[in-house]
Protein chains: 2
Amino acid sequence: MTKRGPGRPSANTEAVSPSKILSEALAILDAKGLEGLTMRALAARVGINPMTIYHHFVDRDGLTRALADSVYSAVHPPEDGDPRARVAGLIAAYHSEVLKHPALTLAIFSRPSVFPGHARRITSDLNKLLEEAGLSPDRSQLWGHILVDYTHGAALAVALAGEHNLSQSPSPNTGDSFDDGLNELLKAL
Amino acid sequence: MTKRGPGRPSANTEAVSPSKILSEALAILDAKGLEGLTMRALAARVGINPMTIYHHFVDRDGLTRALADSVYSAVHPPEDGDPRARVAGLIAAYHSEVLKHPALTLAIFSRPSVFPGHARRITSDLNKLLEEAGLSPDRSQLWGHILVDYTHGAALAVALAGEHNLSQSPSPNTGDSFDDGLNELLKAL
DNA sequence: CAAATTATTATACGCCGTATAATAACGTCG
DNA sequence: CGACGTTATTATACGGCGTATAATAATTTG
């Protein structure tokens, strides 16, 4: 691989796509944690100049936002089932993505500008589902907050534990204890 | 104030105490958020050389740990009252400190090495209280996790909102909605 | 085919945390 | 009381970070 100077690449060489950058960024995040994901490290891994990333994303926060979008855009409530089961399904889907990428969770939570987007949508989905389940608007909002806050708190615990021992075997009970708590909450709902 | 060169300060000049450094650090955190708290900015505010901080704290994480300790060491369950009320009191005390220093919450949550200390103690206090309230050990642990995770999730929401608009008027409903959720959870307990 | 646009790289700036070393006052002990 | 080790501080410097600015070369457009 000969070194390339500055200038637009010729058309036959395949382009550096944003999605390639995102997937490599996620790989670094999963492997090395939040501190391992630097613009320079990402560029090196993709094989491009650090500044090229800025052509596709406004800045580091923009990159993280895009990363969060790409991961959480798949989180939706199941289409069938009784409303209560759909609530459980939505939270479970959300939590499942969190478990897959603990360091991404930490990145989202530690950067104020990254957080709101996906959390707002999921909260609003949840509120709608709770109303469909027969709760009053007030109680839907109350329980929406309870469930989302509980999920975020649990996610945080997982993310922090994960950062502490990257590349060690994951603690085997995180998923179960979350589900137990969620079931208990749904009973009270 | 004449500039001082290197060397130990004379005895009549009052010492730079760790607690002074901590209180100024907390002031910066409250005023400028997590990103405003740098070793250099803190040193400038205290009026000392950045490296002097390292005489009192091992590194930036150590400083943050000490900060968290100084704030959260006052969080304990009330000594009287029925066990359920003491649970509520402990969680409320914890949450109250969180509300006072949103950026500290964020600092704790984003640094894996800072988090565990105070959270573990509070969780263990909580578990004991729940057993005193008559719950089985299993259910005490389950509800301990639920309550702590809920509190952390809610704290996170406050912290992130606070970082977004530092020095603006705080959102007036954060405290109430937390208490509403907590009451609902305690009913189900 | 010239000019504008676009995708990339090169260089550099100002921060950051902190390692290392120098310095000056203090405490100890003969 | 003086030598000397200890302690609290400052000075300097290093490597890494995000990213502003500018140069460069291929493509697209008129």
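Residues numbered from 1 in each chain as written. Chains lettered and ligands numbered in written order. Predicted model: local features only at pLDDT ≥ 70, side-chain atom pairs only at ≥ 80, totals over all residues.

1. A short note on the overall build of chain A
1) Next: Regarding its fold elements, chain A presents nine helices and zero strands.
2) Next: For chain A, the sequential pattern of α-helices and β-strands runs α-α-α-α-α-α-α-α-α.
3) Next: Each principal axis of the C-alpha atoms in chain A carries an extent, and together these give about 65 × 35 × 30 Å.
4) Next: Within chain A, the fraction of its 189 residues that count as buried is 37%.
5) Next: Nonlocal contacts in chain A, meaning residues at least 24 apart in sequence, comprise 65% of its contacts between residues at least 6 apart. (Helix = DSSP H or I, 4+ residues; strand = E, 2+ residues; numbered from the N terminus. Buried ≥ 20, exposed ≤ 12 C-beta atoms within 10 Å, placed from the backbone. Contact = placed C-beta atoms within 7 Å.)

2. Remarks on the relation of the copies chain B and chain A
1) Next: Least-squares fitting of chain B to chain A yields an RMSD of 0.1 Å, with the superposition described by an axial translation of 0.0 Å and a rotation of 180 degrees. The two molecules are tied by a two-fold rotation axis, judged by turn and shift.
2) Next: Both copies contact each other with a shared surface, as 100% of the interface residues of chain B are interface residues in chain A too. (Least-squares fit on C-alpha atoms with pLDDT ≥ 70 in both.)

3. Description of the environment of V75 of chain B
All names here are of chain B.
1) Next: Along the chain, V75 turns up in the loop between α4 (60-72) and α5 (83-100).
2) Next: Taking C-alpha positions, V75 is 17 Å from L26, a pair spaced 49 residues apart along the chain.
3) Next: Excluding residues within four positions of it along the chain, V75 makes contact with A93, Y94, E97 and I122.

4. Notes on the interface of chain B and chain A
1) Next: The interface is formed by 26 residues belonging to chain B together with 26 residues belonging to chain A.
2) Next: With 15 residues, the top contributor of residues to the side of chain B that touches chain A is helix α8 (residues 137-164) of chain B.
3) Next: A per-class count over the side of chain B that touches chain A returns 14 nonpolar, eight polar and four charged. (Nonpolar A, V, L, I, M, F, W, Y, C, P; charged D, E, K, R; others polar.)

5. Description of the protein's contact with DNA strand C
1) Next: Close contacts around DNA strand C come from 28 residues, with P6 and N49 of chain A together with G7, A11 and T38 of chain B the closest.
2) Next: In terms of residue class, the surface near DNA strand C is built from twelve nonpolar, nine polar and seven charged. (Near = placed C-beta within 6 Å.)

6. Some points on helix α8 (residues 137-164) of chain A
For an α-helix, 3.6 residues make a turn, and residues three or four places apart therefore share a direction.
1) Next: Look at α8 of chain A: 40 Å from first C-alpha to last across 28 residues, which is about the 40 Å you get at 1.5 Å a residue.
2) Next: Counting buried residues along α8 of chain A, 21 of its 28 residues qualify, which places the element largely inside the surrounding structure. (Expected span 1.5 Å × (residues − 1).)

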